[in-house]
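Next come the chains, spelled out residue by residue.
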Amino acid sequence: MTEFFTQAAAPIVLVVFILAAIPAVLTVCNHLAFRVPPKPCPLDSLPEISILIPARNEALNIESAVQAALKSVDAVVEVIVLDDHSTDATAAIVQEIAAVDSRVRLVPAPELPAGWCGKQHACARLAEQARYELLLFLDADVTMAPQGPSRLAAFLKKSGAGLVSAFPQQETKTFLEKLLIPLIEYILLAYLPIAMGRRSRKMSLGAGCGQVFLANKTAYEAAGGHSAIKESMHDGVKLPRAFRKAGFHTDLCAGYPFFNCRMYHSAGEVWNGLLKNAHEGIAHPRTILPFSLLLIGASTAPLVILFLSPAFLSAFWAAGIRDSPMWMINLGAWLAILPRTLNTIRFNQSIIGLLLHPVAVGLFLIIQWQAFFRRLRGVKSVWKGRTAS
């Protein structure tokens, strides 16, 4: 065993160093490409935007979301809320707002057809109700700054894409939120080449945040809209890929100055929400093992090697390697925490998540493997009282 470690020490240090360097370099490049949406051109006519909000038991959030949408500037907006069989006061709250502002409409959801995810069905029905050419799909727990819709419309026009997505500022309060929610930006910026995705329509480069999507209606209909992903519970990945499959570009931007969201409010919600999304993401049989190795190699292994550096140095000497590998071990450890450090600073994330980043990655992977084994057993995800198809 000692002889095996002696022979394997150098390759291990080198492989782990490379695994840490790749996401670190890509994160730096992506921070340059992941820009906030631009200001609208003052010479352009005001964009007409239908703000479409699916809502199921969103009494705590819906008033803030609708009122924020109505404060939009530099755009002509209508706000349509689809009440998806809520059992709380969601519909009543929207009706009160609609009674004093004609730009607001409340529509009831028809019964959910077999084979549809509730959110995708709600969004598809909302698109049918929209009067305007620009469709802004907004989760009910997202609030916008007044410039949000017009800025995103300017980004859509500048990008030439059929669909764009903004990643909101994620509000986190509980411990597990602070630990795990920032991994959304970490994985996006560490493993998706954003600049390359802008130039290519390759499906594997399509990504977005299901909380905020803006689509050109013509492109939306040509791509099949939410009907094309009707069984999915993970529109953040699936919808951009449906547009790319239909021949359209998609793009994404940093929405944190103009969009804010608190996704979950408890540890249970965090765990179950990530579990739901894992089912169609990393936890797929083709991706679960390689992605687990990538995350461990980039985030955890460099710090473990640094902690065990005396043993590795002894192994190098025993193998006759006289040049000290300590620079590579130290740099690998710094590279392991660089992406999360940059994200913490730029997106105003909790320092707790940064200090416990390896723990966060470990918990995240536990969720992915739990979703994987649930899939093998045929256990379906449940969200807001509905079981996935």
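Attention in this report is confined to the structure presented alongside it. (Residues numbered from 1 in each chain as written. Predicted model: local features only at pLDDT ≥ 70, side-chain atom pairs only at ≥ 80, totals over all residues. Heavy atoms only, no water.)

1. Some details on a positive patch on the surface
To keep things clear, this is the line we draw: Each patch is built from salt-bridge-free residues with over 30% relative accessible area, joining like charges within 9 Å and nonpolar side chains (Val, Leu, Ile, Met, Phe, Trp, Tyr) within 5 Å. The protein chains shown are the only cover counted for residues, whose accessible areas, like all others here, come from Shrake-Rupley with a 1.4 Å probe. A pair is scored as a salt bridge if a Lys or Arg side-chain nitrogen falls within 4 Å of a carboxyl oxygen belonging to Asp or Glu. The charge count includes Lys and Arg as positive and Asp and Glu as negative, but it does not include His or the ends of the chains. One atom stands in for each charge, and that atom is NZ of Lys, CZ of Arg, CG of Asp or CD of Glu. The numbering of helices and of strands both runs from the N terminus, where a helix is a DSSP run of H or I of at least 4 residues and a strand a run of E of at least 2. Here the term buried applies to any residue with accessible area under 20% of the maximum for its type, exposed to any over 50%, and partly exposed to those in between, with areas from a 1.4 Å probe on protein chains only.
Taken together, Lys238, Arg241, Arg286 and Arg375 make up a surface patch of like positive charges. With respect to the helices and strands, Arg375 occurs in helix α16 (residues 357-376). Residue classification places Arg375 among the partly exposed positions, given a relative accessible area of 32%.

2. As for the sheet that holds strand β10 (residues 259-261)
What counts, and what does not: Pairing between two strands is assigned when DSSP locates at least 2 bridges connecting them.
Pairing is mixed across the open sheet formed by 3 strands, whose spatial order is β5-β10-β7. At either end of the open sheet lies a strand with only one pairing partner, and these are β5 (142-144) and β7 (169-170). Of the pairings in the sheet, the one linking β5 to β10 comprises 3 bridges and is antiparallel in character. The partner of Met144 across the bridge, within β10, is Phe259.

3. Structural notes on the nonpolar core
For clarity, the cut-off: Side-chain atoms within 4.5 Å link the members of a nonpolar core, which is a set of buried Ala, Val, Leu, Ile, Met, Phe, Trp, Tyr and Cys residues. By the convention used here, residues are in contact when the closest approach between their heavy atoms is within 4.5 Å.
Ranked by internal contacts, the top residues of the largest apolar core, which has 64 residues, are Ile51, Ile53, Leu152 and Leu180. For this core, the element with the highest residue contribution is α16, accounting for 7 residues. Once you skip the residues sitting within four places of it in the chain, Ile51 turns out to touch Ala69, Ser72, Val77, Glu78, Val79, Ile80, Leu136, Leu138, Met144 and Pro149. Formed by 24 residues, the second largest nonpolar core is a distinct cluster that contains Ile80, Ala127, Ala130 and Ile229.

4. Remarks on unusual backbone geometry
For Asn57, which is not glycine, the phi torsion reads 55° and is therefore positive. Its identity as a non-glycine residue notwithstanding, Asn348 has a phi of 55°, on the positive side. Considering the arrangement of structural elements, one finds Asn348 in the loop between α14 (326-346) and α15 (351-355). On the basis of relative accessible area, Asn348 is assigned to the exposed category, the value being 65%.

5. Re the side chain of Thr27
On the secondary structure map, Thr27 appears in helix α1 (residues 2-33). The exposure class assigned to Thr27 is buried, which follows from its relative accessible area of 0%. Setting aside anything within four residues of it in sequence, one finds Thr27 in contact with Leu189, Ala190, Pro339, Leu342 and Asn343.

6. Focus on the packing of helix α12 (residues 288-307) against α16
Operational definition: Every axis in this analysis is a line fitted to C-alpha atoms, fitted for helices over the stretch in contact. Angles between the N-to-C directions lie between 0 and 180 degrees. By definition in this entry, angles of less than 35 degrees are roughly parallel, angles greater than 145 are roughly antiparallel, angles of 65 to 115 are roughly perpendicular, and the rest are oblique. Handedness of a helix crossing follows the sense of rotation of the near helix relative to the far helix, less than a right angle counterclockwise being left-handed and clockwise being right-handed.
Remark: α12 packs on α16, axes separated minimally by 10 Å, with the N-to-C direction vectors making an angle of 165°. The orientation of α12 relative to α16 falls into the category roughly antiparallel. Seen from above, α12 lies across α16 with left-handed handedness. Two secondary-structure elements touch here, α12 through Ile288, Leu289, Ser292, Leu295, Ile296, Ser299, Thr300 and Leu303 and α16 through His357, Pro358, Val361, Phe364, Leu365, Gln368, Trp369 and Phe372.

7. Things to note about the pattern of salt bridges
Between side chains of opposite charge, a pair can form as their charged atoms come close. For the coordinates displayed, the defined rule picks out 10 salt bridges. Note that Lys119 and Asp139 form a salt bridge whose closest N and O atoms lie 2.9 Å from each other. Here Asp139 lies in the loop between β4 (134-138) and β5 and Lys119 lies in helix α4 (residues 118-129), a separation of 20 residues in the sequence. Overall, Asp139 belongs to the buried group, its relative accessible area being 16%. A salt bridge links Glu177 to Arg262, with the nearest nitrogen and oxygen atoms 2.7 Å apart. With Glu177 in helix α6 (residues 175-180) and Arg262 in the loop between β10 and α11 (267-278), this pair connects stretches of sequence that are 85 residues apart. Take Glu177: its relative accessible area is 1%, and that puts it in the buried class. Relative accessible area serves as the criterion here: at 13%, Arg262 is assigned to the buried category. Through salt bridges with shared partners, a single network forms among Glu78, Arg105 and Arg131.

8. Focus: the packing of aromatic side chains
Put simply, the rule is: Centres within 6.5 Å make a pair out of two Phe, Tyr or Trp rings, where for Trp the six-membered ring is used; the pair is then stacked when the planes are under 30 degrees apart, edge-to-face when over 60, and tilted otherwise.
Tallying each qualifying case throughout the model produces 11 aromatic pairs. When the ring of Tyr220 is compared with that of Phe243, the centres are 6.4 Å apart and the planes differ by 50°; the resulting orientation is tilted. With a gap of 23 residues between them, Tyr220 in helix α9 (residues 217-222) and Phe243 in helix α10 (residues 235-245) connect regions that are remote in the sequence. The two residues Tyr220 and Phe243 agree in class, both being buried. Look at Trp369 and Phe373: their rings are 5.9 Å apart centre to centre, the planes differ by 35°, and that puts the pair in the tilted class. Here the residue Trp369 and the residue Phe373 both occupy positions in helix α16, the gap between them amounting to 4 residues, near one helical turn. The class of Phe373 is partly exposed, set by a relative accessible area of 41%.

9. Looking at a nonpolar patch on the surface
A cluster of nonpolar residues, Phe175, Ile351, Leu355, Leu356 and Val359, forms a patch on the protein surface that exposes about 470 Å² of accessible area. When you line up the elements, Ile351 lands in helix α15.

10. Some points on the sheet that holds strand β3 (residues 104-108)
Taken in spatial order, the 7 strands of this open sheet run β3-β2-β1-β4-β8-β6-β9, and their pairing is mixed. If you trace the sheet from one side to the other, it starts and ends with β3 and β9 (250-254), each paired once. For this sheet the average axis-to-axis angle between neighbouring strands, irrespective of direction, equals 20°. Bridge count between strand β6 (residues 163-167) and strand β8 (residues 212-216): 3 bridges; the pairing is antiparallel. Across the sheet, the residue bridging to Leu163 is Ala215, located in β8. Here helix α2 (residues 62-70) sits on the sheet in contact with β1 (48-55), β2 (76-83) and β3, set at roughly 160° to β2. α4 rests against β1, β2, β3 and β4 of the sheet, and its axis sits at about 140° to β2.

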